[in-house]
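# Observations on the model geometry
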Amino acid sequence: MPFIGENLKVNGARLWDSLMEMAKIGPGVAGGNNRQTVTDEDSEGRHLFKHWCEAAGCTMGLDTMGNMFATRAGTNPDALPVYVGSHLDTQPTGGKYDGVLGVLSGLEIIRTMNDLDIKTKHPVVVTNWTNEEGTRYAPAMLSSGVFAGLHTQEWAYDRVDADGKTFGNELKRIGWQGSEVVGARKMHAFFELHIEQGPILEAEGKDIGIVTHGQGLSWTQITITGSDAHTGSTPMPMRKNAGLAMARILDKVDEIALSHAPHAVGAAGHIDVFPNSRNVIPGKVIFTVDFRSPNLDVITDMEARLRIDAQKIVDTMGLKIEFEKVGGFDPVTFDEGCVSAVRKAAKSLGYSHMNLISGAGHDACWINRIAPTAMVMCPCVGGLSHNEAEEISPEWATAGTDVLMHAVLETAQIVS
Ligand code: HGY
Ligand code: MN
Ligand code: MN
């Protein structure tokens, strides 16, 4: 197999242009993006991605969860493809690179292979996974989860957003429900490039994260019921203040996570207060507690303590509480062979690198259950993500894509 030399690099300027073009679709209000899953903006981004892939000579596939697959043929049509990709959907106040870099870096690999007329034994397939963020429809990584057999398609289709619209109907409405059976595709390997979404690489001055593991995640949705009452005329002892109970529980969430410092984390990003009126004591709150740790026992401990402590708090206040597990996955150990391909690529390209545990969840965490999988990470400025001010440098994007390409080509086996 021809040697993949350190001078084999992608066209970083072209990659950056594509990132900036995609960023124009579903703009946020502060320079980032609001291209939430199965919205019209998501559809527009998909059309642009499909246009670019077809212009690069790929054949397009689409499955019943809207997962997109752009295939560049290999010399051996019977060889299982090497997949590379991530997600184009964003948070409501998302950045321009979370997920998008992982999809467009895959496209840049195809474009570079075309430029250099590189042929590989295995086909290479660039993938856009539907609803990785899990913000409009919980849980996160919904469609890669169905693809990997963790959720049924029916269950996924029935997910409901804040306006009562189901995932399945919205996917159909935007015209991106394919006919391919989700999960029917088999993979030789899967690689995903993603921004770190944390501060480590930048702080350590490293260009590349060799992601050996991903921490596990637990989402518990809590509903507390008290009673609406006047904030002015209701004596304090008479109040059944669901908002106060939530505040006390969220303080406990912080305490529980800190008790497992330095690796465990905990917070609530989703909070709905009812009736959310300035002069009404909230009679109901619904919020989701997000716990994470690289250690499954720690996650289990945090979940258990949350339920015990929260129950005690509402019992003393005479309120009602319901718990629902709405998302989660165990800590992930990525495939040694794929991780070694990433490390070898970073070394041969001369990029500074270090091992890393992913703090965020990614589609690769689910795909790792059904195919050899690894991730490449690049730094992001100040470790900031899930914020419209998310920023990376063109150099970081290019370095990450160079490493991704070498790992993909090594695995897909260059023929000429
Ligand atoms: O929640 C996560 O870690 C991912 O950003 N969906
Ligand atoms: Mn992401
Ligand atoms: Mn994200």
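Residues numbered from 1 in each chain as written. Chains lettered and ligands numbered in written order. Predicted model: local features only at pLDDT ≥ 70, side-chain atom pairs only at ≥ 80, totals over all residues. Heavy atoms only, no water.

### Some thoughts on the overall build of the protein chain
Helix and strand content of the protein chain: twelve helices and 15 strands. Its C-alpha atoms give the protein chain a radius of gyration of 22 Å, within 12% of the compact-globule value 22 Å for 416 residues. Along the longest, intermediate and shortest principal axes, the C-alpha atoms of the protein chain span 80 × 45 × 35 Å. In the protein chain, which comprises 416 residues, the proportion classed as buried is 57%. In the protein chain, of all internal contacts separated by at least 6 residues, the share reaching a separation of at least 24 is 80%. Here the protein chain has roughly 16,700 Å² of accessible surface; of this, 53% comes from carbon and sulfur atoms. (Helix = DSSP H or I, 4+ residues; strand = E, 2+ residues; numbered from the N terminus. Rg over C-alpha atoms; globule rule 2.2 N^0.38 Å. Buried < 20%, exposed > 50% of the residue type's maximum accessible area, 1.4 Å probe, protein only. Contact = heavy atoms within 4.5 Å. Areas by Shrake-Rupley, 256 points an atom, 1.4 Å probe, with all protein chains shown as cover.)

### Quick notes on the pairing of strand β11 (residues 284-293)
Burial analysis of β11 places nine of its ten residues in the buried class, the great majority of the element. Bridging between strand β9 (residues 265-274) and β11 involves nine bridges; their strand directions are antiparallel. Residue pairing across strands places V273 opposite V285, the latter belonging to β11. (Pairing = 2+ DSSP bridges.)

### Some thoughts on the site of ligand 1
Residues in close proximity to ligand 1 include E132, E133, A140, R292, A360, G361 and H386, which together make up its full environment. In the environment of ligand 1, an oxygen atom lies 2.6 Å from a nitrogen or oxygen atom belonging to the side chain of R292. In isolation ligand 1 offers 210 Å² of accessible surface; the protein chains occlude 95% of this area. For the shell around ligand 1, the residue count by class is two nonpolar, two polar and three charged. (Near = heavy atom within 4 Å. Polar contact = N/O pair within 3.5 Å; in protein donor to acceptor, adjacent residues only side chain to side chain. Nonpolar A, V, L, I, M, F, W, Y, C, P; charged D, E, K, R; others polar.)

### Let's talk about the coordination of the manganese ion (ligand 3)
Four donors placed tetrahedrally around a metal ideally meet at 109.5 degrees, and six donors placed octahedrally ideally meet at 90 or 180 degrees. The coordination sphere of the manganese ion (ligand 3), as far as protein atoms go, consists of D98 (OD), E133 (OE), E133 (OE) and H386 (NE2), spread over 2.1 to 2.4 Å. Along the chain, the residues donating to the manganese ion (ligand 3) are arranged with the sequence spacing D-x34-E-x252-H. Between the manganese ion (ligand 3) and the manganese ion (ligand 2) the interatomic distance amounts to 3.4 Å, and D98 serves as a bridging ligand to the pair. Residue E133 is located in the loop between β4 (124-128) and α4 (142-147), and its partner H386 is located in the loop between β15 (373-378) and α12 (394-412); the two are separated by 253 residues in the primary sequence. (Donors = N, O, S within 2.8 Å, 3.2 Å for Na, K, Ca; no water.)

### Notes on the sheet that holds strand β7 (residues 216-225)
As summarised here, the arrangement of the four strands in space is β9-β11-β7-β12, forming an open sheet in which the pairing is antiparallel. With one partner strand each, in any of the chains shown, β9 and β12 (320-329) form the two edges of the open sheet. In this sheet, neighbouring strand axes are inclined to one another by 15° on average, regardless of whether the strands run parallel or antiparallel. Across the sheet, helix α8 (residues 242-258) lies against β7, β9, β11 and β12, angled at about 5° from β11, the strand it touches most. Across the sheet, helix α9 (residues 296-317) lies against β7, β9, β11 and β12, angled at about 155° from β11, the strand it touches most. (Axes fitted to C-alpha atoms, helices over the stretch in contact; angles between N-to-C directions.)

### Topic: the pattern of salt bridges
The final tally for this structure, using the stated rule, is 17 salt bridges. In this structure, the salt-bridge partner of R14 is E108, at a minimum N-O distance of 2.7 Å. Of this pair, R14 sits in helix α1 (residues 12-23) while E108 sits in helix α3 (residues 100-115), placing them 94 residues apart in sequence. Salt-bridge contacts for K119 lead to D117; the nearest nitrogen and oxygen are separated by 3.0 Å. (Salt bridge = Lys/Arg side-chain N within 4 Å of Asp/Glu carboxyl O.)

### A word on the coordination of the manganese ion (ligand 2)
Protein-derived ligands of the manganese ion (ligand 2) are H87 (NE2), D98 (OD) and H194 (NE2), with the metal-ligand distances lying across 2.1 to 2.3 Å. For the manganese ion (ligand 2), the single-chain donor residues occur in sequence as H-x10-D-x95-H. Note on H194: relative accessible area 1%, which makes it buried.

### A few points about the packing of aromatic side chains
If you walk through the whole model with that rule in mind, you get nine aromatic pairs. For the pair W129 and F147, a centre-to-centre distance of 5.0 Å together with 70° between the ring planes defines the contact as edge-to-face. Remark: F147 occurs in helix α4 and W129 occurs in the loop between β4 and α4; sequence separation between them is 18 residues. Like F147, W129 is buried. Residue placement shows R111 over the ring face of W52; its charged tip is 5.4 Å from the ring centre. (Phe/Tyr/Trp six-rings, centres within 6.5 Å; stacked < 30°, edge-to-face > 60°. Lys NZ or Arg CZ within 6 Å of the ring centre and 35° of its normal.)

### Concerning α12
Given a rise of 1.5 Å per residue, 19 residues ought to cover 27 Å, and the 26 Å separating the end C-alpha atoms of α12 matches this to within 8%. Of the residues one or two after α12, Q413 is the one with positive phi, at around 65°. (Expected span 1.5 Å × (residues − 1).)

### Quick look at α8
An ideal rise of 1.5 Å per residue puts 24 Å on 17 residues; α8 measures up with 25 Å between its terminal C-alpha atoms. The complete set of buried residues in α8 reads A242, G243, A245, M246, I249, V253, I256 and A257. Along the long axis of α8, the arc covered by the buried residues comes to 145°, so they all point the same way. Exposed residues pointing more than 90 degrees away from the buried face of α8 are listed as D251 and L258. Along its buried surface, α8 packs onto β7, β9, β11, α9 and β12. Measuring from the side-chain oxygen of the N-cap residue of α8 to the backbone nitrogen of G243 gives 2.9 Å; that N-cap residue is N241. (Arc of directions from axis to C-beta.)

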